Each structure stands twice: as C-alpha cells, then as structure tokens.
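Coordinates in review
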Amino acid sequence: MTVLALWAHPRSVSTAFLRMMIERGDVTVVHEPLVLLTDHGEVEVAEPGGGSSPVRTPGALLDRLAALGARGPVFFKDTLEYHHRHLFDHPEQIADFTHTFLVRDPARAIASLYAVKPEAACHEAGYEHQWALFEHAWKSTGTRPLVLSADRLLADPEGQVAAWCARVGLPFLPGALRWRPGERPEWRPNRRWHLDASASSAFRAPEREYAVTVHNDARLRACYEHHLPFYERLAEHAL
C-alpha cells in the first residue's frame, strides 16, 4: 500500500504542492479530505474501481484512502487548523501511511491566515496541531516523518521536490514543476483559501505585503509567539 500524506498548516504553499502532484499524472490525488469533511459533513473521494462517492466519517475516509493505495500510489494533503481526534484514537488506520509535513515561516503564514480569515482563532494557525501529529505519526509508524520547509521549497523547487520524491519512493518528474493556472473543481468548496494557487503556474515566492502583521498587531504577535516553538521543533527535522 502506498498512501502519501502531506500535513500542512494553512498558508504554507501546500495547495501549490498538491497542484504539482496533480500535474505528475501518475498518482491519485485527494485534496484536504479531513478539512472538507469537517467543514461540510462529507467529502467526495475516488473509489478504487472508478468513479467517486461521498465519505461521511473519518474512519470511512481513511479506509477509502487505504483501499485506493492498495491499487496504486495515492497522495493527499490536509491542513491542520483542526485537531483531528480520530487520527489519535485510531493509530492503526494511519500506521501504514507515509507521513510528511510542510512548514513555513510563521510570521508570514500567520499574516496571510488573518488576511484571508480575520476572525481566525489562534489555534487555526496549525503549528501546535502539526507538532502533535508529527510525534503521533512517528510513534504510530516507527519512522520519523519527513519535513519540508516551504521557504526552501520556494527558493529551490527542483532540489526540494527531488529530495522529497527520493524519500517517499516516487520518481522525480521535473516537468511537473510547471502547470497551467486555473481553478480546480475540488478547490471550490473552500475557494477563498486557494485563490493564490489558482493563479499560480509554478512554485514562486509571493510578493504580497500584508498591512496587519505579527510586528504591528498584538493579536497576531501573541499567536506567533504561541506557535513559534512548535514551528522550530518541526523545522529541526526539515530537509
């Protein structure tokens, strides 16, 4: 079974990574199934025999991913604004997955989070949830999960993606590092989060500057200081 998970926090360039995986064409790609399940009560997921159908529980979702992975490589990415309790209560369902993580400088990611969702609670920045899942995945699988730095990925897409592929057992396909811009159907339910990815055609460092940042807003600063230690622990393991 080959199920590759990318666990990210919001605003970490993870949708661009997923878009690159779609461009490969040799992997079944599933977009944020746990987030969509949490937000909307169900998520449409491919079936092993073809077609797709809705899944309505975390257990059924993980079973579906495992069944897909038994037929060929599967990649899914999820963001961790939520603490998905089912993953911790049922470690046997994720023990055979290959777990990877993506982290980005929290000063920029948190500013971007609040620009998209000004009402976001601090826990939605996701780093604390990431660290808890990193430790849990390590314990459940017996293998230290791979961590990618989004900042290094943006600076050296070819080198970072090649290293990630080598670690997870996929061939590196340099042609997948560029794609046609445009919205994907699976992004529409949570469209506001994926506007940058829809406009993208490659990994590229964003040029946008934010009016509200961790340097000039007390609420964002407190959130940054809370999550910084979890980011630093994850970054210690980055490629």
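Refer to the structure printed above.
**Thoughts on the overall build of the protein**
Scanning the protein from N- to C-terminus turns up 10 helices and 7 strands. Across the 239 residues that make up the protein, the buried fraction comes to 51%. Sequence-distant contacts in the protein: of pairs separated by 6 or more residues, those separated by 24 or more amount to 73%. Split by element, the accessible area of the protein, about 10600 Å² in all, is 49% carbon and sulfur. For the protein, the distance from the average site of its 26 positive side-chain charges to the average site of its 30 negative ones is 4 Å.

**Digging into the layout of surface pockets**
Counted as a void, the largest pocket has a volume near 690 Å³. R11, V13, W193, D196 and A197 are, among the 37 residues lining the largest pocket, the residues nearest its centre. Those elements giving two or more residues to the lining of the largest pocket turn out to be α1 (14-24), α2 (33-40), β5 (74-79) and α9 (195-199). Approximately 320 Å³ is the volume attributed to the second largest pocket.

**As for the nonpolar core**
Judged by nonpolar contacts, the single largest core of 45 residues is most densely connected at W7, L65, F76, L87 and I110. If we skip the residues at most four places from it in the chain, L87 touches W7, L34, L62, I94, L133 and H136. Residues A150, L153, V161 and F203 belong to the second largest nonpolar core, which totals 29 residues.

**What about the environment of L34?**
Counting through the fold element by element, L34 comes out in helix α2. L34 gets classed as buried once you look at its relative accessible area, which sits at 5%. Remark: the alpha-carbon pair of L34 and S14, spanning 20 residues in sequence, is separated by 15 Å. Excluding residues that lie within four positions of it along the chain, L34 makes contacts with W7, P58, L61, D78, H84 and L87.

**A word on helix α5 (residues 106-116)**
α5 sits mainly inside the fold: 9 of its 11 residues count as buried. Within α5, the full set of buried residues consists of P106, A107, A109, I110, A111, S112, L113, Y114 and V116. Residues of α5 that are buried make contact with α6 (127-141) and α10 (218-235). If you check the start of α5, you find a side-chain oxygen 3.2 Å away from the backbone N of A107, and it comes from D105.

About the cut-offs
- Residues numbered from 1 in each chain as written.
- Predicted model: local features only at pLDDT ≥ 70, side-chain atom pairs only at ≥ 80, totals over all residues.
- Heavy atoms only, no water.
- Helix = DSSP H or I, 4+ residues; strand = E, 2+ residues; numbered from the N terminus.
- Buried < 20%, exposed > 50% of the residue type's maximum accessible area, 1.4 Å probe, protein only.
- Contact = heavy atoms within 4.5 Å.
- Areas by Shrake-Rupley, 256 points an atom, 1.4 Å probe, with all protein chains shown as cover.
- Lys, Arg positive; Asp, Glu negative; His and termini not counted.
- Charge placed at Lys NZ, Arg CZ, Asp CG, Glu CD.
- 1 Å grid on protein atoms, 1.4 Å probe; cavity = no way out; pocket = protein on both sides within 12 Å on 5 of 7 lines; lining within 4 Å.
- Points joined across faces, edges and corners; volume = space filled by probe spheres on them.
- Core = buried A, V, L, I, M, F, W, Y, C linked by side-chain atoms within 4.5 Å.
- Polar contact = N/O pair within 3.5 Å; in protein donor to acceptor, adjacent residues only side chain to side chain.

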